[in-house]
Amino acid sequence: MSIKPNSKIYALVDCNSFYASCERVFRPDLRGKPIAVLSNNDGCIVARSSELKELGIPMGVPAFKYEEQILKAGGVLFSSNYELYADLSNRVMNVLEQFTPELEVYSIDEAFLSLTGFKDRDLDEIGHEIVKTVFQWTGIPVSVGIGGTKTLAKLANHISKKYKKFNGVFSIYRHPKVDTVLDFVGVDKIWGIGSQYSRFLTQNGINTAKDLRDADSQWIRKYMTVVGSRTALELKGISCMDLDMVSEPKKGIVSSRSFGKQVSDYTELEEAVSTYMTRASEKLRYQKSIASYVTVFLGTNRFKSTPQYSNSMTTKLHEPSAYTPELIRTALRLLQAIYRTGFKYKKAGVMLGGIMNQYQVAPDAFEPAYVDDRRSTVMNTVDQVNERLGRDTLYYASCGKQQEWSMKREKLSPKYTTSWKDILTVK
DNA sequence: TCTGGGGTCCTAGGACCC
DNA sequence: TCTGGGGTCCTAGGACCC
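Remember, predicted model here, so these are calculated numbers, not experimental data. The residue numbers shown here count from 1 along each chain, following its written sequence. Chain letters and ligand numbers both follow the written order, the letters beginning at A and the numbers at 1. This being a predicted model, a pLDDT of at least 70 is required before a residue's local features are given, and a value of 80 or more before pairs of side-chain atoms are given or counted; all residues contribute to the totals for chains, interfaces and linings. Remark: hydrogens and water are excluded; side-chain values derive from all non-hydrogen atoms of the structure.

1. Focus: the side chain of Ser 39
(1) Moving on: Mapped onto the secondary structure, Ser 39 falls in the loop between β2 (35–38) and β3 (45–48).
(2) Moving on: Think of it in three bands: with a 1.4 Å probe and only protein chains considered, a residue is buried below 20% of the maximum accessible area for its type, exposed above 50%, and partly exposed in between. According to the relative accessible area criterion, Ser 39 is buried, its value standing at 17%.
(3) Moving on: By definition in these notes, contact holds between two residues if any of their heavy atoms fall within 4.5 Å. Once you skip the residues sitting within four places of it in the chain, Ser 39 turns out to touch Cys 44, Val 46 and Ser 80. Comment: elements are numbered from the N terminus, with helices defined as DSSP H or I runs of at least four residues and strands as E runs of at least two.

2. Here we look at the sheet that holds strand β5 (residues 103–107)
Two pairing modes exist for strands in a sheet, parallel and antiparallel, and in both the strands are linked by backbone hydrogen bonds.
(1) Moving on: Any two strands with at least two DSSP-identified bridges between them are counted as paired. Strands sit in the order β5-β6-β1-β7-β8 across an open sheet of five strands; the sheet is mixed. Either end of the sheet is taken by a strand with one partner, and the two such strands are β5 and β8 (169–171). Direction aside, the axes of adjacent strands within the sheet are offset by 15° on average.
(2) Moving on: Pairing of β5 with strand β6 (residues 110–114), which is carried by four bridges, proceeds in the antiparallel orientation. Bridge pairing in β6 links Val 105 to Ala 111. The axes used here are C-alpha line fits, helices contributing only the stretch in contact, and every angle between their N-to-C directions lies in the interval 0 to 180 degrees.

3. Examining the packing of helix α11 (residues 266–286) against helix α12 (residues 324–338)
(1) Moving on: At a minimum axis separation of 9 Å, α11 and α12 run at an interaxial angle of 140°. In terms of their interaxial angle, α11 and α12 are classed as oblique. The two elements α11 and α12 cross, and the hand of that crossing is right-handed. Here Tyr 266, Leu 269, Glu 270, Val 273, Ser 274, Met 277, Thr 278, Ser 281, Leu 284 and Arg 285 of α11 lie close against α12, whose contacting residues are Thr 324, Leu 327, Ile 328, Ala 331, Leu 332, Leu 335 and Gln 336. Just so you know how the angles are binned, under 35 degrees is roughly parallel, over 145 roughly antiparallel, 65 to 115 roughly perpendicular, and the rest oblique. Each crossing gets its handedness from the near helix: less than a right angle anticlockwise from the far helix is left-handed, clockwise is right-handed.

4. Topic: unusual backbone geometry
(1) Moving on: Even without a glycine there, the phi angle at Ser 17 is positive, about 40°.
(2) Moving on: Counting through the fold element by element, Ser 17 comes out in the loop between β1 (10–15) and α1 (18–25).
(3) Moving on: Despite not being glycine, Gln 403 has its phi angle at roughly 50°, a positive value.
(4) Moving on: Relative to the assigned elements, Gln 403 resides in the segment after α13 (374–389).

5. Some details on the state of the cysteines
Throughout this description, disulfide means a covalent bond between two cysteine sulfur atoms.
(1) Moving on: Cysteine sulfurs are considered disulfide-paired once they come within 2.5 Å of each other. The final tally for this structure, using the stated rule, is zero disulfides.
(2) Moving on: The thiol of Cys 15 is unpaired, and the distance to the nearest cysteine sulfur, on Cys 22, comes to 7.4 Å.
(3) Moving on: Residue Cys 15 is classed as buried on the basis of its relative accessible area, which comes to 4%.

6. Examining the packing of aromatic side chains
(1) Moving on: Centres within 6.5 Å are what make two rings of Phe, Tyr or Trp a pair, Trp counting through its six-membered ring; a difference in plane orientation under 30 degrees is then read as stacked, over 60 as edge-to-face, and the rest as tilted. Across all of its chains, the model carries 20 aromatic pairs by this definition.
(2) Moving on: Note on Tyr 266 and Tyr 339: the rings are 4.6 Å apart at their centroids and 55° apart in plane angle, and the pair reads as tilted. One end of the pair, Tyr 266, is in helix α11; the other, Tyr 339, is in the loop between α12 and β12 (345–353), and 73 residues separate them in sequence.
(3) Moving on: Look at Tyr 339 and Tyr 345: their rings are 5.8 Å apart centre to centre, the planes differ by 40°, and that puts the pair in the tilted class.
(4) Moving on: A relative accessible area of 0% means that Tyr 345 is categorised as buried.
(5) Moving on: A network of ring pairs unites the aromatic residues Tyr 266, Tyr 309, Tyr 339, Phe 343 and Tyr 345 as a single cluster.
(6) Moving on: Over the aromatic face of Phe 112 sits the side chain of Lys 150, whose NZ or CZ is 4.8 Å from the ring centroid. Here, a charge over a ring means that NZ of Lys or CZ of Arg falls within 6 Å of the ring centre while also lying within 35 degrees of the ring normal.

7. So, helix α10 (residues 217–236)
(1) Moving on: Expected helix span is computed as 1.5 Å times (number of residues minus one). Helix length check: α10 (20 residues) gives 12 Å between terminal C-alpha atoms against 28 Å at 1.5 Å per residue, more than 12% under.
(2) Moving on: Listed as buried for α10 are Ile 220, Met 224, Gly 228, Ser 229, Thr 231, Ala 232, Glu 234 and Leu 235.
(3) Moving on: Counting of polar contacts relies on pairs of N or O atoms within 3.5 Å, with two restrictions inside protein: one atom must be capable of donating a hydrogen and the other of accepting it, and residues adjacent in sequence are counted only when both atoms are side-chain atoms. Two to three positions downstream of the cap, the backbone nitrogen of Gln 218 sits 3.3 Å from a side-chain oxygen, assigning the N-cap of α10 to Asp 216.
(4) Moving on: Positive backbone phi, at 100°, marks Gly 237, one or two positions downstream of α10.

8. Notes on the protein's contact with DNA strand C
(1) Moving on: The immediate surroundings of DNA strand C are formed by 13 residues, with Asp 109, Glu 110, Lys 154, Gly 194 and Tyr 197 found nearest.
(2) Moving on: Being near a molecule or strand, for a residue, comes down to having at least one heavy atom within 4 Å of it. Within 4 Å of the protein, the atoms of DNA strand C are drawn from sugar and phosphate moieties in a proportion of 100%.
(3) Moving on: Between DNA strand C and Lys 154 there is a distance of 2.7 Å, counted from a phosphate oxygen to a side-chain nitrogen or oxygen.
(4) Moving on: At the level of elements, β5 and α8 (195–203) are the ones that each hand at least two residues to the surface near DNA strand C.
(5) Moving on: For the surface near DNA strand C, the leading source of residues is α8, giving three residues.
(6) Moving on: Considering only residue class, the surface near DNA strand C consists of five nonpolar, five polar and three charged. Here the nonpolar group is Ala, Val, Leu, Ile, Met, Phe, Trp, Tyr, Cys and Pro; Asp, Glu, Lys and Arg are the charged ones; every other residue, Gly included, is treated as polar.

As C-alpha coordinates, then:
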(Lines give C-alpha, C1' and ligand atoms only; values in the text may rest on other atoms or scores of the structure.)
Protein backbone atom coordinates (compact mmCIF):
# COMPACT_ATOMS: atom_id res chain seq x y z
CA MET A 1 0.00 0.00 0.00
CA SER A 2 1.36 3.37 -0.87
CA ILE A 3 0.68 6.00 1.67
CA LYS A 4 -0.05 9.42 0.40
CA PRO A 5 1.44 12.08 2.60
CA ASN A 6 -1.38 13.61 4.48
CA SER A 7 -1.69 17.29 3.93
CA LYS A 8 -4.62 18.11 6.13
CA ILE A 9 -4.42 19.85 9.46
CA TYR A 10 -7.14 19.59 12.08
CA ALA A 11 -7.62 21.45 15.32
CA LEU A 12 -9.84 20.30 18.11
CA VAL A 13 -11.05 23.17 20.26
CA ASP A 14 -12.54 22.00 23.53
CA CYS A 15 -14.02 24.19 26.26
CA ASN A 16 -12.44 23.58 29.66
CA SER A 17 -14.91 22.23 32.23
CA PHE A 18 -17.60 23.72 30.04
CA TYR A 19 -20.69 23.72 32.26
CA ALA A 20 -18.69 24.86 35.27
CA SER A 21 -17.09 27.61 33.18
CA CYS A 22 -20.54 28.77 32.01
CA GLU A 23 -21.69 29.17 35.59
CA ARG A 24 -18.58 31.21 36.32
CA VAL A 25 -19.00 33.64 33.43
CA PHE A 26 -21.70 35.54 35.30
CA ARG A 27 -20.33 34.87 38.76
CA PRO A 28 -16.81 36.31 38.90
CA ASP A 29 -16.92 35.76 42.64
CA LEU A 30 -16.55 32.05 41.87
CA ARG A 31 -13.12 32.41 40.27
CA GLY A 32 -10.72 29.93 41.81
CA LYS A 33 -13.49 28.08 43.64
CA PRO A 34 -14.58 24.48 43.15
CA ILE A 35 -17.73 24.20 41.05
CA ALA A 36 -19.84 21.09 40.44
CA VAL A 37 -22.67 20.92 37.93
CA LEU A 38 -25.24 18.22 38.50
CA SER A 39 -27.25 15.99 36.19
CA ASN A 40 -31.02 16.10 35.97
CA ASN A 41 -32.78 15.76 39.32
CA ASP A 42 -29.56 17.02 40.88
CA GLY A 43 -28.38 13.43 40.82
CA CYS A 44 -24.79 12.99 39.66
CA ILE A 45 -21.86 15.33 39.23
CA VAL A 46 -21.48 15.74 35.48
CA ALA A 47 -19.06 18.65 35.25
CA ARG A 48 -16.23 19.74 37.50
CA SER A 49 -14.08 22.83 37.58
CA SER A 50 -10.34 22.18 37.88
CA GLU A 51 -10.49 23.13 41.54
CA LEU A 52 -13.11 20.46 42.12
CA LYS A 53 -10.99 17.87 40.31
CA GLU A 54 -8.13 18.79 42.61
CA LEU A 55 -10.32 17.92 45.59
CA GLY A 56 -10.26 14.40 44.20
CA ILE A 57 -13.96 14.27 43.37
CA PRO A 58 -14.61 11.88 40.48
CA MET A 59 -16.91 12.30 37.51
CA GLY A 60 -20.41 10.83 37.50
CA VAL A 61 -20.69 10.18 41.23
CA PRO A 62 -23.87 10.82 43.24
CA ALA A 63 -23.89 14.44 44.37
CA PHE A 64 -25.25 13.78 47.85
CA LYS A 65 -22.10 11.86 48.75
CA TYR A 66 -19.86 14.85 48.12
CA GLU A 67 -22.02 17.89 48.75
CA GLU A 68 -20.74 18.46 52.24
CA GLN A 69 -17.10 18.17 51.23
CA ILE A 70 -17.61 20.63 48.37
CA LEU A 71 -19.35 23.24 50.51
CA LYS A 72 -16.68 22.93 53.19
CA ALA A 73 -14.03 23.69 50.59
CA GLY A 74 -15.88 26.89 49.69
CA GLY A 75 -17.32 25.36 46.53
CA VAL A 76 -20.72 25.63 44.89
CA LEU A 77 -23.10 23.09 43.31
CA PHE A 78 -25.40 23.94 40.41
CA SER A 79 -28.34 22.20 38.77
CA SER A 80 -27.90 21.83 35.01
CA ASN A 81 -28.93 24.99 33.20
CA TYR A 82 -29.05 23.81 29.60
CA GLU A 83 -30.57 27.01 28.26
CA LEU A 84 -27.53 28.90 29.48
CA TYR A 85 -24.99 26.32 28.25
CA ALA A 86 -26.56 26.05 24.80
CA ASP A 87 -26.50 29.79 24.37
CA LEU A 88 -22.89 30.20 25.44
CA SER A 89 -21.95 27.24 23.22
CA ASN A 90 -23.42 29.07 20.24
CA ARG A 91 -21.38 32.12 21.09
CA VAL A 92 -18.16 30.11 21.27
CA MET A 93 -18.90 28.45 17.92
CA ASN A 94 -19.57 31.83 16.34
CA VAL A 95 -16.15 33.05 17.46
CA LEU A 96 -14.48 29.93 16.06
CA GLU A 97 -16.19 30.54 12.75
CA GLN A 98 -14.30 33.80 12.50
CA PHE A 99 -11.11 31.75 12.16
CA THR A 100 -12.39 29.39 9.50
CA PRO A 101 -15.77 28.46 8.02
CA GLU A 102 -14.49 24.88 7.78
CA LEU A 103 -15.78 23.85 11.15
CA GLU A 104 -17.61 20.88 12.58
CA VAL A 105 -19.54 21.45 15.78
CA TYR A 106 -18.86 18.09 17.38
CA SER A 107 -20.67 18.55 20.68
CA ILE A 108 -21.93 21.30 22.94
CA ASP A 109 -18.36 22.09 24.02
CA GLU A 110 -16.16 20.93 21.16
CA ALA A 111 -15.47 21.75 17.53
CA PHE A 112 -13.10 20.46 14.89
CA LEU A 113 -11.57 23.13 12.66
CA SER A 114 -9.63 22.70 9.46
CA LEU A 115 -6.37 24.60 9.71
CA THR A 116 -5.16 23.35 6.36
CA GLY A 117 -5.32 26.89 5.03
CA PHE A 118 -2.92 28.05 7.74
CA LYS A 119 -0.20 25.62 6.67
CA ASP A 120 2.41 28.29 6.22
CA ARG A 121 1.83 29.93 9.55
CA ASP A 122 2.98 28.99 13.01
CA LEU A 123 0.26 26.61 14.18
CA ASP A 124 0.98 27.12 17.85
CA GLU A 125 0.52 30.82 17.37
CA ILE A 126 -2.87 30.27 15.71
CA GLY A 127 -3.85 28.04 18.61
CA HIS A 128 -3.00 30.68 21.17
CA GLU A 129 -4.87 33.28 19.16
CA ILE A 130 -7.96 31.05 19.28
CA VAL A 131 -7.66 30.59 23.05
CA LYS A 132 -7.26 34.30 23.63
CA THR A 133 -10.05 35.44 21.33
CA VAL A 134 -12.64 32.97 22.58
CA PHE A 135 -11.92 33.93 26.17
CA GLN A 136 -12.06 37.66 25.45
CA TRP A 137 -15.33 37.46 23.55
CA THR A 138 -17.22 34.86 25.59
CA GLY A 139 -15.48 34.39 28.94
CA ILE A 140 -15.08 30.66 28.25
CA PRO A 141 -11.58 29.11 28.51
CA VAL A 142 -10.70 26.62 25.76
CA SER A 143 -7.86 24.26 24.87
CA VAL A 144 -6.59 23.56 21.37
CA GLY A 145 -5.06 20.37 20.00
CA ILE A 146 -3.62 20.25 16.50
CA GLY A 147 -2.79 17.22 14.35
CA GLY A 148 -2.90 15.70 10.90
CA THR A 149 -6.04 13.68 11.68
CA LYS A 150 -9.02 14.15 13.94
CA THR A 151 -7.78 11.41 16.26
CA LEU A 152 -4.37 13.08 16.56
CA ALA A 153 -5.99 16.48 17.14
CA LYS A 154 -8.03 14.93 19.95
CA LEU A 155 -4.90 13.37 21.39
CA ALA A 156 -3.02 16.67 21.17
CA ASN A 157 -5.92 18.36 22.92
CA HIS A 158 -5.66 15.84 25.73
CA ILE A 159 -1.99 16.77 26.14
CA SER A 160 -2.72 20.50 26.03
CA LYS A 161 -5.07 20.07 28.98
CA LYS A 162 -2.94 17.68 30.95
CA TYR A 163 0.33 19.61 30.96
CA LYS A 164 0.03 23.17 32.15
CA LYS A 165 3.28 24.26 30.53
CA PHE A 166 1.65 24.23 27.09
CA ASN A 167 -0.81 26.98 28.10
CA GLY A 168 -3.75 25.24 26.51
CA VAL A 169 -2.25 24.62 23.06
CA PHE A 170 -0.41 21.56 21.78
CA SER A 171 0.39 20.60 18.21
CA ILE A 172 1.51 17.12 17.26
CA TYR A 173 1.53 18.04 13.58
CA ARG A 174 5.02 17.25 12.22
CA HIS A 175 6.22 17.04 15.77
CA PRO A 176 9.92 16.06 15.82
CA LYS A 177 9.40 13.66 18.71
CA VAL A 178 6.07 12.19 17.76
CA ASP A 179 7.01 8.69 18.99
CA THR A 180 7.90 10.00 22.42
CA VAL A 181 4.65 11.95 22.60
CA LEU A 182 2.51 8.98 21.57
CA ASP A 183 4.26 6.80 24.09
CA PHE A 184 3.14 9.18 26.82
CA VAL A 185 -0.54 8.65 26.10
CA GLY A 186 -2.32 5.60 27.48
CA VAL A 187 -4.63 3.67 25.14
CA ASP A 188 -7.59 4.55 27.32
CA LYS A 189 -7.10 8.23 26.45
CA ILE A 190 -7.45 7.65 22.71
CA TRP A 191 -10.63 8.85 21.04
CA GLY A 192 -12.65 5.74 20.14
CA ILE A 193 -11.04 3.46 22.73
CA GLY A 194 -13.40 3.01 25.64
CA SER A 195 -13.17 0.95 28.78
CA GLN A 196 -13.81 -2.43 27.12
CA TYR A 197 -11.24 -2.07 24.37
CA SER A 198 -8.64 -0.50 26.62
CA ARG A 199 -8.86 -3.42 29.01
CA PHE A 200 -8.58 -5.83 26.12
CA LEU A 201 -5.62 -3.96 24.65
CA THR A 202 -3.60 -3.74 27.85
CA GLN A 203 -4.22 -7.44 28.41
CA ASN A 204 -2.53 -7.93 25.08
CA GLY A 205 0.44 -5.76 25.87
CA ILE A 206 -0.76 -2.68 24.01
CA ASN A 207 -0.50 0.11 26.55
CA THR A 208 0.12 3.38 24.76
CA ALA A 209 -0.98 5.23 21.64
CA LYS A 210 2.35 4.34 20.08
CA ASP A 211 1.74 0.62 20.75
CA LEU A 212 -1.66 0.79 19.09
CA ARG A 213 -0.31 2.72 16.12
CA ASP A 214 2.31 0.03 15.55
CA ALA A 215 0.12 -3.00 16.28
CA ASP A 216 -0.58 -5.57 13.57
CA SER A 217 -3.41 -4.24 11.42
CA GLN A 218 -4.97 -7.66 10.72
CA TRP A 219 -5.10 -8.35 14.41
CA ILE A 220 -6.76 -4.99 15.08
CA ARG A 221 -9.29 -5.59 12.33
CA LYS A 222 -10.13 -8.99 13.73
CA TYR A 223 -10.73 -7.93 17.31
CA MET A 224 -11.79 -4.30 17.03
CA THR A 225 -13.70 -4.17 13.74
CA VAL A 226 -13.19 -1.50 11.12
CA VAL A 227 -13.69 1.15 13.78
CA GLY A 228 -10.48 0.11 15.55
CA SER A 229 -8.63 -0.09 12.22
CA ARG A 230 -9.59 3.47 11.46
CA THR A 231 -8.33 4.65 14.81
CA ALA A 232 -4.97 2.93 14.26
CA LEU A 233 -4.66 4.45 10.78
CA GLU A 234 -5.46 7.89 12.12
CA LEU A 235 -2.73 7.49 14.73
CA LYS A 236 -0.35 6.85 11.84
CA GLY A 237 -1.43 10.18 10.37
CA ILE A 238 -3.69 8.75 7.68
CA SER A 239 -6.96 10.62 7.80
CA CYS A 240 -10.06 8.40 7.73
CA MET A 241 -12.57 10.88 9.09
CA ASP A 242 -13.15 14.22 7.48
CA LEU A 243 -15.05 17.18 8.86
CA ASP A 244 -18.84 16.85 8.89
CA MET A 245 -19.76 20.44 8.34
CA VAL A 246 -23.46 19.97 7.74
CA SER A 247 -25.36 18.32 10.54
CA GLU A 248 -27.33 15.31 9.37
CA PRO A 249 -30.88 14.81 10.62
CA LYS A 250 -31.08 12.47 13.58
CA LYS A 251 -32.06 8.86 12.90
CA GLY A 252 -33.63 8.38 16.27
CA ILE A 253 -34.98 10.86 18.78
CA VAL A 254 -35.24 10.05 22.46
CA SER A 255 -36.84 11.98 25.25
CA SER A 256 -36.63 10.44 28.67
CA ARG A 257 -36.08 11.54 32.20
CA SER A 258 -36.00 10.25 35.71
CA PHE A 259 -38.78 11.61 37.87
CA GLY A 260 -38.19 13.98 40.75
CA LYS A 261 -40.02 11.46 42.97
CA GLN A 262 -41.35 7.93 42.77
CA VAL A 263 -44.53 7.67 40.75
CA SER A 264 -47.23 5.03 41.12
CA ASP A 265 -50.20 6.97 39.85
CA TYR A 266 -51.12 6.08 36.28
CA THR A 267 -52.32 9.58 35.45
CA GLU A 268 -48.96 11.03 36.40
CA LEU A 269 -47.22 8.54 34.12
CA GLU A 270 -49.55 9.63 31.33
CA GLU A 271 -48.58 13.24 31.94
CA ALA A 272 -44.88 12.39 31.86
CA VAL A 273 -45.11 10.33 28.67
CA SER A 274 -47.22 13.05 27.01
CA THR A 275 -44.68 15.69 27.99
CA TYR A 276 -41.71 13.65 26.74
CA MET A 277 -43.50 13.02 23.47
CA THR A 278 -44.20 16.73 23.13
CA ARG A 279 -40.43 17.37 23.41
CA ALA A 280 -39.51 14.54 21.03
CA SER A 281 -41.94 15.63 18.35
CA GLU A 282 -40.72 19.23 18.61
CA LYS A 283 -37.22 17.97 17.83
CA LEU A 284 -38.65 15.87 15.02
CA ARG A 285 -40.36 18.82 13.35
CA TYR A 286 -37.35 21.06 13.92
CA GLN A 287 -35.31 18.84 11.63
CA LYS A 288 -38.19 18.62 9.14
CA SER A 289 -38.71 14.92 9.66
CA ILE A 290 -41.51 12.46 10.25
CA ALA A 291 -41.31 9.23 12.24
CA SER A 292 -42.60 5.74 11.51
CA TYR A 293 -42.09 4.03 14.87
CA VAL A 294 -42.96 4.97 18.41
CA THR A 295 -41.43 3.31 21.46
CA VAL A 296 -42.38 3.85 25.09
CA PHE A 297 -40.44 2.53 28.06
CA LEU A 298 -40.70 2.78 31.81
CA GLY A 299 -38.94 1.36 34.82
CA THR A 300 -38.59 1.32 38.58
CA ASN A 301 -35.56 2.56 40.52
CA ARG A 302 -32.85 -0.01 39.94
CA PHE A 303 -30.84 1.26 42.89
CA LYS A 304 -33.54 0.25 45.33
CA SER A 305 -34.37 -3.15 46.71
CA THR A 306 -38.09 -2.55 46.15
CA PRO A 307 -39.85 -4.72 43.52
CA GLN A 308 -38.35 -4.13 40.10
CA TYR A 309 -40.12 -3.87 36.77
CA SER A 310 -39.17 -2.37 33.47
CA ASN A 311 -40.52 -2.80 30.01
CA SER A 312 -40.77 -1.21 26.61
CA MET A 313 -42.91 -1.56 23.54
CA THR A 314 -42.71 -0.34 19.98
CA THR A 315 -45.38 0.13 17.37
CA LYS A 316 -45.42 1.16 13.76
CA LEU A 317 -47.63 4.09 12.83
CA HIS A 318 -50.21 3.73 10.09
CA GLU A 319 -48.29 6.34 8.24
CA PRO A 320 -45.26 8.37 9.28
CA SER A 321 -46.19 11.46 11.21
CA ALA A 322 -44.92 14.50 13.10
CA TYR A 323 -48.30 15.43 14.50
CA THR A 324 -47.97 15.65 18.27
CA PRO A 325 -51.56 14.67 19.23
CA GLU A 326 -51.32 11.54 17.13
CA LEU A 327 -47.89 10.66 18.54
CA ILE A 328 -49.10 11.23 22.10
CA ARG A 329 -52.16 9.08 21.48
CA THR A 330 -49.96 6.26 20.20
CA ALA A 331 -47.55 6.60 23.11
CA LEU A 332 -50.34 6.47 25.68
CA ARG A 333 -51.69 3.31 24.09
CA LEU A 334 -48.27 1.70 24.47
CA LEU A 335 -47.99 2.95 28.03
CA GLN A 336 -51.27 1.29 28.87
CA ALA A 337 -49.97 -1.98 27.44
CA ILE A 338 -46.78 -2.08 29.49
CA TYR A 339 -48.01 -0.47 32.72
CA ARG A 340 -48.33 -2.75 35.73
CA THR A 341 -49.95 -1.70 38.96
CA GLY A 342 -48.17 -1.99 42.27
CA PHE A 343 -44.78 -0.61 41.27
CA LYS A 344 -43.07 2.65 42.12
CA TYR A 345 -41.75 4.04 38.87
CA LYS A 346 -38.69 6.23 38.59
CA LYS A 347 -38.22 6.72 34.89
CA ALA A 348 -40.10 6.75 31.61
CA GLY A 349 -39.32 7.79 28.08
CA VAL A 350 -40.28 7.77 24.45
CA MET A 351 -38.35 7.11 21.26
CA LEU A 352 -39.13 8.00 17.68
CA GLY A 353 -37.64 5.80 14.97
CA GLY A 354 -37.90 5.11 11.27
CA ILE A 355 -37.25 8.77 10.71
CA MET A 356 -37.41 10.23 7.23
CA ASN A 357 -37.60 13.55 5.54
CA GLN A 358 -41.08 14.98 5.63
CA TYR A 359 -41.18 15.23 1.84
CA GLN A 360 -39.75 11.84 1.18
CA VAL A 361 -42.73 9.87 2.43
CA ALA A 362 -45.81 9.00 0.64
CA PRO A 363 -47.85 6.26 -0.74
CA ASP A 364 -48.77 8.82 -3.34
CA ALA A 365 -45.85 11.04 -4.26
CA PHE A 366 -48.16 13.79 -5.46
CA GLU A 367 -49.94 14.06 -2.19
CA PRO A 368 -47.57 13.98 0.77
CA ALA A 369 -49.30 12.52 3.75
CA TYR A 370 -48.20 15.02 6.32
CA VAL A 371 -46.96 18.12 4.63
CA ASP A 372 -50.07 19.40 2.92
CA ASP A 373 -52.19 18.41 5.77
CA ARG A 374 -54.03 20.89 7.92
CA ARG A 375 -52.34 19.20 10.82
CA SER A 376 -48.97 20.53 9.71
CA THR A 377 -50.37 24.05 9.75
CA VAL A 378 -51.55 23.53 13.28
CA MET A 379 -48.14 22.22 14.36
CA ASN A 380 -46.33 25.13 12.73
CA THR A 381 -48.52 27.59 14.53
CA VAL A 382 -48.04 25.90 17.90
CA ASP A 383 -44.26 25.74 17.39
CA GLN A 384 -44.08 29.40 16.45
CA VAL A 385 -46.11 30.56 19.41
CA ASN A 386 -44.00 28.49 21.80
CA GLU A 387 -40.81 29.74 20.29
CA ARG A 388 -41.79 33.35 20.66
CA LEU A 389 -43.60 33.29 23.95
CA GLY A 390 -41.79 30.49 25.72
CA ARG A 391 -41.93 26.72 25.82
CA ASP A 392 -45.32 25.31 26.74
CA THR A 393 -47.21 28.55 26.26
CA LEU A 394 -49.43 26.19 24.30
CA TYR A 395 -49.39 22.64 25.63
CA TYR A 396 -51.45 19.49 25.49
CA ALA A 397 -54.01 18.75 28.17
CA SER A 398 -52.67 15.23 28.71
CA CYS A 399 -49.34 16.73 29.84
CA GLY A 400 -51.02 18.05 32.95
CA LYS A 401 -50.40 21.30 34.71
CA GLN A 402 -48.99 20.41 38.12
CA GLN A 403 -46.40 17.92 36.86
CA GLU A 404 -45.52 16.75 40.33
CA TRP A 405 -43.34 14.03 38.87
CA SER A 406 -41.11 16.51 37.09
CA MET A 407 -37.45 16.79 37.81
CA LYS A 408 -35.74 18.42 40.69
CA ARG A 409 -33.57 21.47 39.94
CA GLU A 410 -33.04 23.06 43.29
CA LYS A 411 -29.72 24.71 42.57
CA LEU A 412 -30.54 26.34 39.27
CA SER A 413 -28.71 29.49 38.21
CA PRO A 414 -30.58 32.25 36.32
CA LYS A 415 -30.91 32.06 32.54
CA TYR A 416 -28.74 35.16 32.21
CA THR A 417 -28.66 35.23 28.44
CA THR A 418 -31.95 33.77 27.26
CA SER A 419 -34.57 35.15 29.58
CA TRP A 420 -35.38 38.82 30.06
CA LYS A 421 -36.53 38.04 33.54
CA ASP A 422 -33.07 36.73 34.45
CA ILE A 423 -30.92 39.33 32.79
CA LEU A 424 -28.03 40.63 34.85
CA THR A 425 -28.45 44.05 36.40
CA VAL A 426 -25.54 46.27 37.38
CA LYS A 427 -26.08 48.24 40.52
C1' DT B 1 -34.57 11.65 50.89
C1' DC B 2 -30.62 11.70 46.89
C1' DT B 3 -27.27 7.45 41.48
C1' DG B 4 -28.07 11.55 33.83
C1' DG B 5 -29.61 11.87 29.06
C1' DG B 6 -29.07 11.64 24.12
C1' DG B 7 -26.78 10.07 20.40
C1' DT B 8 -23.64 7.10 16.63
C1' DC B 9 -21.80 3.06 14.21
C1' DC B 10 -20.86 -1.91 13.50
C1' DT B 11 -21.76 -6.88 13.59
C1' DA B 12 -24.11 -11.19 13.96
C1' DG B 13 -27.93 -13.73 13.21
C1' DG B 14 -32.66 -14.62 11.78
C1' DA B 15 -36.34 -14.06 8.33
C1' DC B 16 -37.42 -14.01 3.86
C1' DC B 17 -36.94 -14.24 -1.12
C1' DC B 18 -35.63 -16.25 -5.48
C1' DT C 1 -26.58 -41.17 3.50
C1' DC C 2 -28.29 -37.14 1.35
C1' DT C 3 -30.77 -31.76 3.27
C1' DG C 4 -28.56 -25.10 -1.87
C1' DG C 5 -26.79 -20.71 -1.78
C1' DG C 6 -26.66 -15.98 -2.16
C1' DG C 7 -28.67 -11.51 -1.37
C1' DT C 8 -31.21 -8.20 1.42
C1' DC C 9 -33.55 -6.40 5.19
C1' DC C 10 -34.38 -6.02 10.01
C1' DT C 11 -33.30 -6.27 14.86
C1' DA C 12 -30.77 -6.81 19.04
C1' DG C 13 -26.81 -6.06 21.29
C1' DG C 14 -22.41 -4.16 22.08
C1' DA C 15 -19.04 -0.86 21.58
C1' DC C 16 -18.19 4.06 21.53
C1' DC C 17 -18.93 9.41 22.10
C1' DC C 18 -20.18 13.82 24.85
